[in-house]
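# Secondary and tertiary structure notes
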Amino acid sequence: LSREDIDPARIITFGRSIGGAVALSLAHDSGPGRGGIAAVIVENTFLSIGKMVDTIFPALVPLKPLVLRLRWNSEAIIDRVEQPILFINGARDELVPPSHSHQLHKQAAAARFKELYIIPNGSHNDTWQKGGRAYYAKLDSFIQKCFGEDAGMSQDFSTSGAQRIPIMPRSTAGLAASALQ
């Protein structure tokens, strides 16, 4: 927030998997009027660590109260996140059940607007690759919806040719461009 080259009114958090829980938590903690996060993009994220334990390690469920220190409970805060949210989900996610993202999307009642984008062949770690140009076009359209037509990513996704990873212009500076480079 203190960097002069970043517009603090245009910061977007983007998190995959557990990073999605972090992104939602940051948005929740920096809600309207407190500055900071303007929008959120989460990809293949989960309801909570506890629900992931239920799914991945059902034998450990009785031990959860004793050993579970990190909660990352997005389900408990999602209904109070007011920023726009883009939920990206790989329909073939082998780690986080796609139903987690769908449930979070459904519960995001306070969001200024929300979108659920499903990559049919995407798994946990390759949604961006399986989604190809359409994946980046969805990111672009979400950013434009949040900030206006001049705020999209620098590449024209309507043209044919080899896919390049887009670079965010400085004016948009919120979508962790380094993660996309």
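Preceding block: the structure.
Reference entry: report on the structure contained in this document. In this text the structure is predicted, and so the values were computed from the model without any measurement.

Helix and strand counts for the protein come out as seven helices and four strands. Ordered by position from N to C terminus, the α and β elements of the protein give β-α-β-α-α-α-β-α-β-α-α. A total of 181 residues make up the protein; the buried ones form 46% of that total. Within the protein, contacts between residues at least 6 apart in sequence are counted, and of these 69% link residues at least 24 apart.

Per the stated rule, a full pass over the model turns up seven salt bridges. Its salt-bridge partner being Asp5, residue Arg3 comes within 2.6 Å of it at the nearest N-O pair. With relative accessibility at 32%, the residue Asp5 sits in the partly exposed group. Here Glu75 makes a salt bridge to Lys51, at a shortest N to O gap of 2.9 Å. A residue pair is termed long-range when its members are at least 10 positions apart, and Glu75 in helix α4 (residues 74-77) and Lys51 in helix α2 (residues 49-56) qualify at 24 residues. Using a relative accessible area of 23% as the deciding quantity, one classes Glu75 as partly exposed. Taken together, the shared-partner salt bridges connect Glu115, Lys138 and Lys145 into one network.

Thresholds, definitions, all that
- Residues numbered from 1 in each chain as written.
- Predicted model: local features only at pLDDT ≥ 70, side-chain atom pairs only at ≥ 80, totals over all residues.
- Heavy atoms only, no water.
- Helix = DSSP H or I, 4+ residues; strand = E, 2+ residues; numbered from the N terminus.
- Buried < 20%, exposed > 50% of the residue type's maximum accessible area, 1.4 Å probe, protein only.
- Contact = heavy atoms within 4.5 Å.
- Salt bridge = Lys/Arg side-chain N within 4 Å of Asp/Glu carboxyl O.

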